[in-house]
Amino acid sequence: MKKFINAVDQVENQMIQGMVKAYPKHLRKLDCGNVVVRAEKKEGKVALISGGGSGHEPAHGGFVGEGMLDAAVAGAVFTSPTPDQILEGIKAIATDKGVLMVVKNYTGDVMNFEMAAEMAEMEGITVKHVVTNDDVAVDGSLYTVGRRGVAGTVFVHKIAGALAETGADLDAVQSVAQKVIDNVRTMGAAIAPCTVPAAGKPGFELNEDEMEVGIGIHGEPGTHKESMRTADEVADLLLDKILADIDYSGSEVAVMINGSGATPLMELFIINNHVADVLAEKGIKVYRTLVGEYMTSIEMQGFSISLLKLDDQMKELLDAKADTPAWKE
């Protein structure tokens, strides 16, 4: 294993410290573990917290700031944070308007965030949550019951965070978060694995001429392996599954072409070139496109496509001001 790290047991801590030192105007690290919160606490409005295992950077700490999250909790690489860590994050950001937890659908994440919410409620903090499940590839996996929460989660952070900034109440913020979840779908593919530092070896194997279709953000298997195809053919493969899951006809959508950590922007733009053409041919209007790394899998060589079916409220909130390390308007 070759990585620019110092010690396997310090990867997450040193990563978070480095992030906070890079963005001191946005972030502050709590003393209770790898939890980052806004440098200046938001008061009198609903607060948002999210998180999960490390290794998905910039998710989730990169989305802490004005217009998005108030806190992000980082577990070990690809491992859920503990309820105690999450509770400290909730307590640090809680306001009299309550806290919304945005949780990706992985068994450990859901269990630990719900435990933290119960403990917070015992301390008089009002907490509600939503669970993201945008991955259309598989229904049930090594880590989940039901569909996995993947890159589409970032749209939930942005739109729910924007509504919270307006002073909307907790029910309204939870409702718009759920609306995004109901209208976003994602699917990905990979051509090379990642290596979890603690494991010291790649999480899976692919032959030189193979790709994994429908892969998860932890390197967990997708629907199948098959021979490499052109970028357009792979995009079609993923889009067909996404478009079959929701009726996007006549809609406006936000598109996210998300890199998994080691896919060049050159290739992501080639993929987007075809995605845009296919959507135009189908009468689906692209309102906004995001291309880059939003939710990675360490250094996995892959990408995902997310489509969010928009209404006027979601368009306004998607365009609202945000100032975070990884998303700025």
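As a convention, each chain's residues are numbered from 1 in the sequence order in which they are written. In view of the model being predicted, local features appear only for residues whose pLDDT reaches at least 70, and side-chain atom pairs are presented and counted only at 80 or more, with totals across whole chains, interfaces and linings using the full set of residues. Calculation of side-chain values draws on the structure's entire complement of heavy atoms; hydrogens and water are dropped beforehand.

Digging into the overall build of the protein
Step number 1: For helices the rule is a DSSP run of H or I covering at least 4 residues; for strands it is a run of E covering at least 2, with both sets numbered from the N terminus onward. A count of helical and extended segments in the protein gives eight helices and 12 strands.
Step number 2: Put simply, the radius of gyration uses C-alpha atoms, and a globule should come to 2.2 Å times the residue count raised to 0.38. The C-alpha radius of gyration of the protein comes to 19 Å, within 12% of the 20 Å expected for a compact globule of 329 residues.
Step number 3: In terms of principal-axis extent, the alpha carbons of the protein reach across some 55 × 50 × 35 Å.
Step number 4: Pairs at least 24 residues apart make up 74% of the contacts formed inside the protein by residues separated by at least 6 positions.
Step number 5: Areas reported as accessible are Shrake-Rupley estimates using a 1.4 Å probe. Residue values count occlusion only from the protein chains shown. Total accessible area computed for the protein in this model is approximately 13,400 Å², and 50% of it derives from carbon and sulfur atoms.
Step number 6: Averaging the positions of the 30 positive and the 48 negative side-chain charges in the protein gives two centres separated by 4 Å. The contact rule is simple, with two residues in contact once any of their heavy atoms fall within 4.5 Å. For the charge count, each Lys or Arg is scored as positive and each Asp or Glu as negative, with His and the chain ends excluded. Taken as the charge centre is NZ of Lys, CZ of Arg, CG of Asp or CD of Glu, depending on the residue.

Points about a nonpolar patch on the surface
Step number 1: Only residues whose relative accessible area exceeds 30% and that take part in no salt bridge are eligible for patches, with like-charged residues grouped when within 9 Å of each other and nonpolar side chains (Val, Leu, Ile, Met, Phe, Trp, Tyr) grouped when within 5 Å. Should a side-chain nitrogen of Lys or Arg be within 4 Å of a carboxyl oxygen of Asp or Glu, the pair is scored as a salt bridge. A cluster of nonpolar side chains, contributed by Met-1, Ile-5 and Val-8, occupies part of the molecular surface with about 240 Å² of accessible area.
Step number 2: Within the secondary structure layout, Met-1 lies in the segment before helix H1 (11-22).

Quick word on the packing of aromatic side chains
What describes a pair of aromatic rings is the distance from one ring centre to the other and the angle between the planes of the rings.
Step number 1: Geometry of aromatic contacts follows a simple scheme: Phe, Tyr and Trp rings, the Trp one being its six-membered ring, pair when their centres are within 6.5 Å, and the pair is stacked under 30 degrees between planes, edge-to-face over 60, tilted otherwise. Scanning all chains against the criterion turns up one aromatic pair.
Step number 2: Between Tyr-294 and Trp-327, the aromatic rings sit 6.2 Å apart at their centres with planes inclined by 65 degrees, giving edge-to-face as the arrangement. Taken together, the residues span a long stretch of sequence, with Tyr-294 in the loop between strand E11 (285-292) and strand E12 (301-310) and Trp-327 in the segment after helix H8 (312-318) at a distance of 33 residues. Each member of the pair Tyr-294 and Trp-327 is classed as buried. Partly exposed residues are those whose accessible area sits between 20% and 50% of the maximum for their type, while under 20% is buried and over 50% is exposed, using a 1.4 Å probe and protein chains only.

Here we look at the nonpolar core
Step number 1: Core analysis: the biggest nonpolar cluster contains 49 residues, and Leu-48, Leu-100, Phe-155, Val-173, Leu-308 and Trp-327 have the highest contact counts within it.
Step number 2: Listing elements by their share of this core, those giving two or more residues are H1, strand E4 (71-77), strand E5 (99-104), helix H4 (153-165), helix H5 (170-183), strand E10 (252-259), E12 and H8.
Step number 3: Counting residues per element, this core draws most heavily on H4, at eight residues.
Step number 4: Look past the residues within four positions of Trp-327 in its chain and what remains in contact with it is Gly-62, Phe-63, Met-68, Val-154, Lys-158, Arg-288, Leu-290, Tyr-294, Leu-318 and Ala-322.
Step number 5: Judged by nonpolar contacts, the second largest core, of 28 residues, contains Met-187, Ala-189, Val-275 and Ile-284. Note on terminology: a nonpolar core comprises buried Ala, Val, Leu, Ile, Met, Phe, Trp, Tyr and Cys residues joined through side-chain atoms within 4.5 Å.

Nothing here speaks to function; it is geometry throughout.
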